[in-house]
Amino acid sequence: MAEKKQCSYTSIGGSALIEGVMMRGSDKLAIACRRADGIIQMKIEPLDTQKKWYAKIPVLRGILAFISSLTVSYKCLMYSADVSMEGLEEPENPSKVDRFLEKLMGKTGMAILGGISMVLGLGLSLFLFMYLPTLFTSWAMFWAPAPLKAVAEGLLKILIFLGYLLSVSLMPDMRRTFQYHGGEHKSIFCYEAGEELNTANAKKQKRLHPRCGTSFMFFTLLISIVFAMFIPWGNRLVRTLLKIIFIPLVMGIAYEFIRYAGKKDTWFTRILSAPGKWFQLITTKEPDEKQINVALCALKGVLNDYPLNKEFFVDEEGNYLKDKENENEVEGPATAGGDYIKRAGH
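Residues numbered from 1 in each chain as written. Predicted model: local features only at pLDDT ≥ 70, side-chain atom pairs only at ≥ 80, totals over all residues. Heavy atoms only, no water.

## Comments concerning the overall build of the protein
Alright, step 1. Tallying secondary structure elements over the protein gives ten helices and six strands in all.
Alright, step 2. Expressed as a percentage of its 346 residues, the buried residues of the protein come to 43%.
Alright, step 3. The long-range fraction of contacts in the protein, counting pairs at least 24 apart against all pairs at least 6 apart in sequence, stands at 67%.
Alright, step 4. Summed over all atoms, the accessible surface of the protein reaches about 19,500 Å², with 64% contributed by carbon and sulfur. (Helix = DSSP H or I, 4+ residues; strand = E, 2+ residues; numbered from the N terminus. Buried < 20%, exposed > 50% of the residue type's maximum accessible area, 1.4 Å probe, protein only. Contact = heavy atoms within 4.5 Å. Areas by Shrake-Rupley, 256 points an atom, 1.4 Å probe, with all protein chains shown as cover.)

## Quick notes on the pattern of salt bridges
Once their charged atoms are close, side chains differing in charge can pair, the charge on each being opposite to the other.
Alright, step 1. The final tally for this structure, using the stated rule, is 17 salt bridges.
Alright, step 2. Among the salt bridges present, the one from E256 reaches R61, with a minimum N-O distance of 2.8 Å. Remark: R61 occurs in helix 1 (residues 60–84) and E256 occurs in helix 8 (residues 247–263); sequence separation between them is 195 residues.
Alright, step 3. Given the relative accessible area of 12%, R61 is considered buried.
Alright, step 4. For R211, the salt bridge identified is with E192, shortest N-O distance 3.1 Å. Here the residue R211 occupies a position in the loop between helix 5 (199–203) and helix 6 (213–228), and E192 occupies one in helix 4 (residues 172–192), the gap between them amounting to 19 residues. Taken as a pair, R211 and E192 share a single burial class, namely buried.
Alright, step 5. Connected through salt bridges with shared partners, the residues R35, D37, E86, E311 and K324 form a single ionic network. (Salt bridge = Lys/Arg side-chain N within 4 Å of Asp/Glu carboxyl O.)

## Things to note about the packing of aromatic side chains
Alright, step 1. For the coordinates displayed, the defined rule picks out 13 aromatic pairs.
Alright, step 2. Through pairs of rings, three or more aromatic residues link up here, namely F129, F161, F218 and F279.
Alright, step 3. Over the ring of W233 we find K149; its NZ or CZ atom is 4.6 Å from the centre of that ring.
Alright, step 4. Across from the ring centre of W233, 3.7 Å away, lies the NZ or CZ of R239, which sits over that ring. (Phe/Tyr/Trp six-rings, centres within 6.5 Å; stacked < 30°, edge-to-face > 60°. Lys NZ or Arg CZ within 6 Å of the ring centre and 35° of its normal.)

## Some thoughts on unusual backbone geometry
A negative phi angle characterises most non-glycine residues, just as the trans form characterises most peptide bonds.
Alright, step 1. Backbone geometry places E19, a non-glycine residue, at a positive phi of 55°.
Alright, step 2. Within the secondary structure, E19 is located in the loop between strand 1 (13–17) and strand 2 (20–24).
Alright, step 3. Unlike most non-glycine residues, N309 shows phi in positive territory, near 60°.
Alright, step 4. With respect to the helices and strands, N309 occurs in the loop between helix 10 (289–303) and strand 5 (311–314).
Alright, step 5. The exposure class assigned to N309 is exposed, which follows from its relative accessible area of 54%.

## Description of the packing of helix 4 against helix 10
Alright, step 1. Across the interface, helix 4 lies against helix 10 with an axial gap of 8 Å and an inter-helix angle of 50°. Taken together, helix 4 and helix 10 sit at an angle that is classed as oblique. Considering only the axes of helix 4 and helix 10, their crossing is right-handed. Taking contact as the criterion, the partners of R176, Q179, Y180, G183, E184, K186, S187, I188 and Y191 in helix 4 are, on helix 10, Q291, I292, V294, A295, L296, L299 and L303.
Alright, step 2. Residue composition of the contact of helix 4 with helix 10, by class: nine nonpolar, four polar and three charged. (Axes fitted to C-alpha atoms, helices over the stretch in contact; angles between N-to-C directions. Parallel < 35°, antiparallel > 145°, perpendicular 65-115°, else oblique. Left-handed = near helix turned anticlockwise from the far one by under 90°. Nonpolar A, V, L, I, M, F, W, Y, C, P; charged D, E, K, R; others polar.)

## Looking at the sheet that holds strand 3 (residues 28–34)
Alright, step 1. Taken in spatial order, the six strands line up as 1-2-3-4-5-6 in an open sheet, and their pairing is antiparallel. Looking at which strands have only one partner, the edges of the open sheet turn out to be strand 1 and strand 6 (320–323). Taken over all neighbouring pairs, the strand axes of this sheet differ in orientation by 25° on average, direction set aside.
Alright, step 2. Packing against the sheet, helix 1 makes contact with strand 1, strand 2, strand 3, strand 4 (40–46) and strand 5, and its axis sits at approximately 30° to strand 3.
Alright, step 3. Against the sheet, helix 10 engages strand 2, strand 3, strand 4 and strand 5, with an angle of about 155° to strand 3. (Pairing = 2+ DSSP bridges.)

Dropping the structure here:
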């Protein structure tokens, strides 16, 4: 039996992808995705381990960490979208429309379409969470003092956020992503508890984590209410613009709250984390065993020695099988560990 190792806190974090999970450790980033044919494909990239000059500066480190995390998450999400479609049988005789779209779009066209979608999504988010609450509150509560209007505006923003989460959770594809989100949390809890990283141990863990991005978003909304109290209501567009300008500072403060809540387990941090965990009841769903396995593979990717900067396949326990470039080779018996994998105490 593997020796139980206590690890109450870890800096490892992750995010749910399309049919997969990304984990980020101190020196590596690992992606594990389940392809359409059921195979688990992994990719691991080394990270820059040089200590950043801003790492010890509160708030600023949160702002820059958020920008970095957003960039990496988008890149990983796009990668997982491609991997999740691999293994699908292509039609023998594609239609003329399919051939035309494939020729028209290509990689460049898809990149342009992705950029347009991102800009439109950002614009819609700013309208829903920044301008619309200001517009409605200034109209419905024109009689109220500024601090009261700011609180009402913030509560409306939280309701819009809640409605958005509830709406997308009804989509089957998003529900599966939320299940992978739950699997990501369970696997990290399993590691933090010092348990052996296997399906049974991860399955029994909680799925609500104090350092979750959902909790971070909730903290951001709460802190933005305080900042909004000091922004004048004279012009709605100017007020909205000022709120956008303050977003980095608000997120930097929210990051410090999340960082503190993740390290300490006290009555104070439990109270701080409670609202974010309530929102996680929506953004995390109970994963099945195969989804947990994918999350564990991603976690093992940052803990163990696997090939770097190449795509490869693993079995359900995370054992290396072969490189993707050898995908068409004749199948042989699964390699129980291969030449690459070196266990890290699990």
